Amino acid sequence: MLHVVTPTTVSNRSILKIRKVPRALIGHGMSVLPSGSMGRSIFWRMAMEISFLRYCAALTPFPVLMLIFPDSALPIGQFPAVMFLAVFLVESRLLSVDNPERRRRLMPEEEAERGADIAKVRGREILTRIAAGRGMKAGALHLVIEQSALARIPPITIVSVQTDQPEPQVMDLDEAERALIRDTLFDREFTEQRMHITSLALGRFLHDVTLEAQSVSAHARLEALASA
């Protein structure tokens, strides 16, 4: 599930007031989703990023047991250590890849770095076309790709274009630029799932791709003019 974050695609614009670039946004939860997204699959997937809801889900078996065995409800409720252990196991063993050995079993480090390089190459292509299309000749653009650290559930990817010129900000992209990101970043060969495994294997969930606008070639600028 890929979501391109811009001031026009979030329900709360205030979260896009940033002080430095790159800035992670996925931690803002539902605020990064557009208004009216409730009921869509991305809404419920983003809900999984809220730790309190995950803790409640991990503890669900305990009230169920109390209902099934009402005579044992009091003893069941008096074992907070067991409840804490249940939450810990779900978070650390089921939903996380928390040590290097487990990460290596997901994907060899060389292959994971290759996946990160693919994302970087495609990110630079996206930024080049955005910079050329806007006629930018100065400043740096950052394509910030964020993925969830949660494993064994469908991945979610938050992408934004950020710049520190004239001040740190999340750029507002038009529909064509957002479509460019959606169509270019992932494909059948390099899928979002593969990128997620790459992130888990590296323990790196924010990927910052940087492009200096002055490095955009004349050919890319002419191509952008022709497309326009």
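The rules we used
Residues numbered from 1 in each chain as written. Predicted model: local features only at pLDDT ≥ 70, side-chain atom pairs only at ≥ 80, totals over all residues. Heavy atoms only, no water. Helix = DSSP H or I, 4+ residues; strand = E, 2+ residues; numbered from the N terminus. Buried < 20%, exposed > 50% of the residue type's maximum accessible area, 1.4 Å probe, protein only. Contact = heavy atoms within 4.5 Å. Areas by Shrake-Rupley, 256 points an atom, 1.4 Å probe, with all protein chains shown as cover. Lys, Arg positive; Asp, Glu negative; His and termini not counted. Charge placed at Lys NZ, Arg CZ, Asp CG, Glu CD. Salt bridge = Lys/Arg side-chain N within 4 Å of Asp/Glu carboxyl O. Phe/Tyr/Trp six-rings, centres within 6.5 Å; stacked < 30°, edge-to-face > 60°. Core = buried A, V, L, I, M, F, W, Y, C linked by side-chain atoms within 4.5 Å.

J.: Which parts of the structure should I look at to understand the overall build of the protein?
T.: For the protein, the count of helices and strands is 10 helices and 5 strands. Its C-alpha atoms give the protein principal-axis dimensions of roughly 75 × 40 × 30 Å. Here the protein, with 228 residues, has 42% of them falling under the buried criterion. Taking all contacts inside the protein whose residues are at least 6 apart in sequence as the whole, residues at least 24 apart take part in 70%. Total accessible area on the protein is roughly 12,600 Å²; 58% of this is exposed by carbon and sulfur atoms. Computed over 27 positive and 25 negative side-chain charges, the separation of the two mean positions in the protein equals 2 Å.

J.: What exactly am I supposed to notice about the pattern of salt bridges here?
T.: Where charged atoms from two side chains of opposite charge approach closely, those side chains can pair. Evaluated as defined, the whole model comprises 9 salt bridges. Here Arg 178 and Glu 175 are joined by a salt bridge, their closest N and O atoms 2.8 Å apart. Of this pair, Arg 178 and Glu 175 both sit in helix α8 (residues 175-184), 3 residues apart, roughly one helical turn. A relative accessible area of 43% places Glu 175 in the partly exposed class. Each of Glu 101, Arg 104 and Arg 105 takes part in a single network of salt bridges with overlapping partners.

J.: I tried to follow the side chain of Arg 194 on my own but got confused; where do I start?
T.: As for its placement among the helices and strands, Arg 194 is situated in helix α9 (residues 192-202). In contact with Arg 194, other than residues within four places in its own chain, are Met 107, Ile 118 and Glu 189.

J.: Hey, could you run me through the packing of aromatic side chains in this one?
T.: Summed over the entire model, instances satisfying the criterion amount to 2 aromatic pairs. Here Phe 43 and Trp 44 contribute two aromatic rings whose centre-to-centre distance is 5.0 Å and whose plane-to-plane angle is 85°, an arrangement assigned as edge-to-face. Their ring planes at 35° and their centres at 6.1 Å tell us that Phe 186 and Phe 190 sit as a pair that is tilted. Classification of Phe 186 as buried rests on a relative accessible area of 12%.

J.: Looking at this structure, I do not really get the nonpolar core. What am I missing?
T.: Burial of nonpolar side chains together is a common tendency in soluble globular proteins. Ile 126, Leu 127, Leu 141, Leu 143, Ile 145, Val 161 and Ile 181 are the most contacted members of the largest nonpolar core, which totals 26 residues. Among the elements of the structure, α7 (109-134), β2 (140-147), β3 (157-163), α8 and β5 (206-212) are those that each provide at least two residues to this core. With 6 residues, α7 is the single largest residue contributor to this core. Every residue in contact with Ile 126, bar those within four places of it in the chain, is listed here: Leu 143, Leu 180, Ile 181, Thr 184 and Leu 185.

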